Amino acid sequence: MSIIRATFPADGNSGKELEMAVRRSGNRWAYDFMIKRIRYRGAIPEAQTQRDAKDAEAAIRREVFEGTFGRPKGDGCFVEFAEKVFLPWAKEHKRSWKDDKYHIETFKAYFKGKSFRELTPMLIEKFKKDRRHSFTVKKQPRSVASVNRELACLSKIFSLAIRDHEAASNPCSQVERYRENNERMRYLTPEEEIALLGELTGGRAHLRPIVEFAIHTGMRRGEILSMKHSWIDLARGCIRIPGEATKNGKPRNVPMNQVVRELVAARGGSIMRSDGLVFKNPRTDLALRDIKKGFVAACKDAKVEDFHFHDLRHTFGTRLADTGADPFVIAEIMGHSDLRMTKRYCHATDQRKQGAVERIADYRAPENCHKIVTGEERKVG
């Protein structure tokens, strides 16, 4: 074993002497030094000569001074990590993992062959801009929401890489996402509801109970299509949605009104079939995968414009608020973890606005002043 001592400038003080030591043990070189009472030592397997060992030790010491010693270098391939580590994790933990699989295909085309270190904030900004100005497979401009979902997936990949010591930092944290204007105020009027239900006949008849269920429970499309008979609790008059079926992973109970109870009874009530789906494809007797095509066609024929299936949930929330339901009750029924989401449903409908304005019309009449304030009749004079 041999020890080489040398002078090394530290912290910019060229006059300060520090001990630099490398040693050879068997056929391997190693470093061993102390800075500020902290000892650093380890093997240098790549060193073949004494000069190699000294250069490696100097580089390690420099990392100590710069505060980067021991941190991941980020040399691993980003795409390889996304496919082999992130995607299996997403399948296990995320209901939307199929979207992530699609996002990774996009990343492969854009970041092919690049390491984590090479994915800088500037490169991700360029990716964001390029994706925003690209077109979908249907030749439509790509929405800001789609780009934001890709950025979210990209950020999550970096988070897992940091956890696994493959990356030192997350450059996505320095890239702002696009502002989304997704607060739709669309809901069904009573007239539109009648028109829409009137179109759910014949080949679309199987959609009617699903639409009515959404209007009277506020359940999401995925929750309704995956609903099993075992979720229905007739004794307590509610539908128990398990956490694995909800958007936020938290179970919730949805009370049933008379319309829902009749819909449940028409489909077999609370038949004890734990795996039995409440709604099935009438042609195959299997699970319904999607109902978008039939629903969109029914809205078009009913002349219900700019209406999505999720707006049925908005209709439910709006009607709850119009009946005077407490915001906390609405939040609990609809599964909101943040009351700011509930606030979207607490706006006044056109009917309520009109009624409020009409009550002002007679406000100045003396004989009505007392009645407006107290609800009681009072004679003048």
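See the structure above.
Overview of the structure. (Residues numbered from 1 in each chain as written. Predicted model: local features only at pLDDT ≥ 70, side-chain atom pairs only at ≥ 80, totals over all residues. Heavy atoms only, no water.)

**Focus: the overall build of the chain**
Logical step 1: Assigned secondary structure in the chain consists of 15 helices and 6 strands.
Logical step 2: Here the chain holds 381 residues, and 38% of them are scored as buried.
Logical step 3: Of the accessible surface of the chain, which amounts to about 23800 Å², a share of 51% is contributed by carbon and sulfur atoms. (Helix = DSSP H or I, 4+ residues; strand = E, 2+ residues; numbered from the N terminus. Buried < 20%, exposed > 50% of the residue type's maximum accessible area, 1.4 Å probe, protein only. Areas by Shrake-Rupley, 256 points an atom, 1.4 Å probe, with all protein chains shown as cover.)

**Here we look at the sheet that holds strand 1 (residues 22–25)**
Logical step 1: Read across the sheet, 3 strands follow the order 1-2-3 without closing on themselves; strand pairing throughout is antiparallel. Looking at which strands have only one partner, the edges of the open sheet turn out to be strand 1 and strand 3 (38–44). Between one strand and the next, the sheet's axes are offset by a mean angle of 25°, whatever the strand orientation.
Logical step 2: Pairing between strand 2 (residues 28–35) and strand 3: 7 bridges, direction antiparallel. (Pairing = 2+ DSSP bridges. Axes fitted to C-alpha atoms, helices over the stretch in contact; angles between N-to-C directions.)

**Here's the deal with the sheet that holds strand 5 (residues 238–241)**
Logical step 1: Taken together, 3 strands build an open sheet; the order of strands is 4-5-6 and the sheet is antiparallel. In this open sheet, the two strands that pair with only one neighbour each are strand 4 (232–233) and strand 6 (252–255).
Logical step 2: Sheet analysis places strand 4 next to strand 5, joined by 2 bridges and oriented antiparallel. Paired with Ile232 across the two strands is Ile239, which belongs to strand 5.

**Thoughts on the side chain of Glu150**
Logical step 1: Mapping Glu150 onto the fold places it in helix 5 (residues 144–163).
Logical step 2: Within the structure, Glu150 has its side chain in polar contact with the side chain of Arg131 (distance 2.6 Å). (Polar contact = N/O pair within 3.5 Å; in protein donor to acceptor, adjacent residues only side chain to side chain.)

**A look at the pattern of salt bridges**
Logical step 1: The final tally for this structure, using the stated rule, is 22 salt bridges.
Logical step 2: By sharing partners, the salt bridges in this structure join Glu83, Glu105 and Lys108 into a single network. (Salt bridge = Lys/Arg side-chain N within 4 Å of Asp/Glu carboxyl O.)

**With respect to the nonpolar core**
Logical step 1: With 42 residues, the main nonpolar core has Val211, Phe213, Ile239 and Leu312 as its most contacted residues.
Logical step 2: Counting only elements with at least two residues in this core, the list comes to helix 6 (190–198), helix 7 (208–217), helix 8 (221–225), strand 5, helix 9 (258–266), helix 10 (292–301), helix 11 (311–322) and helix 12 (327–334).
Logical step 3: Sort the elements by how many residues they give to this core and helix 7 lands first, with 5 residues.
Logical step 4: Setting aside residues no more than four positions away along its own chain, Ile239 makes contact with Phe213, Thr217, Met219, Met227, Trp231, Arg252, Asn253, Val254, Met256 and Val260.
Logical step 5: Listed in part, the 27 residues of the second largest apolar core include Phe78, Phe81, Ile157 and Cys172. (Core = buried A, V, L, I, M, F, W, Y, C linked by side-chain atoms within 4.5 Å. Contact = heavy atoms within 4.5 Å.)

**Regarding the packing of aromatic side chains**
Logical step 1: Inspection of the entire model under this criterion finds 16 aromatic pairs.
Logical step 2: Seen from their ring centres, Phe111 and Phe127 are 5.3 Å apart, and the 40° between their planes marks the pair as tilted. Of this pair, Phe111 sits in helix 3 (residues 97–111) while Phe127 sits in helix 4 (residues 121–132); the two residues are 16 residues apart in sequence, bridging distant segments of the chain.
Logical step 3: A relative accessible area of 0% means that Phe111 is categorised as buried.
Logical step 4: According to the relative accessible area criterion, Phe127 is buried, its value standing at 0%.
Logical step 5: Seen from the ring of Phe33, Arg61 lies directly overhead, with NZ or CZ sitting 4.2 Å from the centre.
Logical step 6: Here the guanidinium or amino end of Lys128 rests over the ring plane of Tyr178, the centre of that ring lying 4.8 Å away. (Phe/Tyr/Trp six-rings, centres within 6.5 Å; stacked < 30°, edge-to-face > 60°. Lys NZ or Arg CZ within 6 Å of the ring centre and 35° of its normal.)

**A closer look at the state of the cysteines**
Logical step 1: Under the definition given, this model contains 0 disulfides.
Logical step 2: Here Cys172 is not cross-linked by a disulfide; its sulfur's nearest cysteine counterpart is in Cys153, at 9.6 Å. (Disulfide = S-S within 2.5 Å.)

**As for the packing of helix 3 against helix 5**
Axes are the key here: two packed helices are described by the angle between their axes and the distance separating the axes.
Logical step 1: Packing of helix 3 against helix 5 leaves a shortest axis separation of 10 Å and a crossing angle of 80°. Between helix 3 and helix 5, the crossing angle belongs to the class labelled roughly perpendicular. Residue-level inspection shows Asp100, His103, Thr106, Phe107 and Phe111 of helix 3 in contact with helix 5, the latter providing Arg149, Glu150, Cys153, Leu154 and Ile157.
Logical step 2: When its residues are assigned to classes, the contact of helix 3 with helix 5 shows 5 nonpolar, 2 polar and 3 charged. (Parallel < 35°, antiparallel > 145°, perpendicular 65-115°, else oblique. Nonpolar A, V, L, I, M, F, W, Y, C, P; charged D, E, K, R; others polar.)

**Notes on the packing of helix 7 against helix 11**
Logical step 1: Where helix 7 meets helix 11, the axes come as close as 6 Å, and the angle between the chain directions of the two elements is 35°. For the pair helix 7 and helix 11, contact is made by Val211, Ala214, Ile215, His216 and Thr217 and by Leu312, Phe316 and Arg319, respectively.

**Some points on helix 7**
Logical step 1: Judged by how many residues are buried, helix 7 sits mostly within the fold: 9 of 10 residues are covered.
Logical step 2: Of the residues trailing helix 7, Gly218 is marked for its positive phi of about 75°.

**A closer look at unusual backbone geometry**
Logical step 1: For Lys139, which is not glycine, the phi dihedral falls at a positive 65°.
Logical step 2: Its place among the elements puts Lys139 in the loop between helix 4 and helix 5.
Logical step 3: Backbone geometry at Lys303 places phi at a positive 60°, although glycine is not the residue there.

**Re a positive patch on the surface**
Logical step 1: Taken together, the side chains of Lys91, Lys98, Lys101 and Arg289 define a basic patch exposed on the protein surface.
Logical step 2: Mapped onto the elements, Lys98 comes out in helix 3. (Patch = residues over 30% accessible without salt bridge, like charges linked within 9 Å, V, L, I, M, F, W, Y side chains within 5 Å. Lys, Arg positive; Asp, Glu negative; His and termini not counted. Charge placed at Lys NZ, Arg CZ, Asp CG, Glu CD.)

**Digging into helix 12**
Logical step 1: Taken together, the buried positions of helix 12 are Ile330, Ala331, Ile333 and Met334. End-on view of helix 12: buried residues confined to an arc of 165°, all on one side of the axis. Exposed residues pointing more than 90 degrees away from the buried face of helix 12 are listed as Phe328 and Glu332.
Logical step 2: N-capping of helix 12 is provided by Asp326, with a side-chain oxygen placed 2.7 Å from the backbone N of Phe328. (Arc of directions from axis to C-beta.)

**A word on the environment of Gly222**
Logical step 1: Mapped onto the elements, Gly222 comes out in helix 8.
Logical step 2: Judged by relative accessible area, Gly222 falls into the partly exposed class, the value being 39%.
Logical step 3: For the pair Gly222 and Thr246, spaced 24 residues apart in sequence, the C-alpha separation works out to 8.4 Å.

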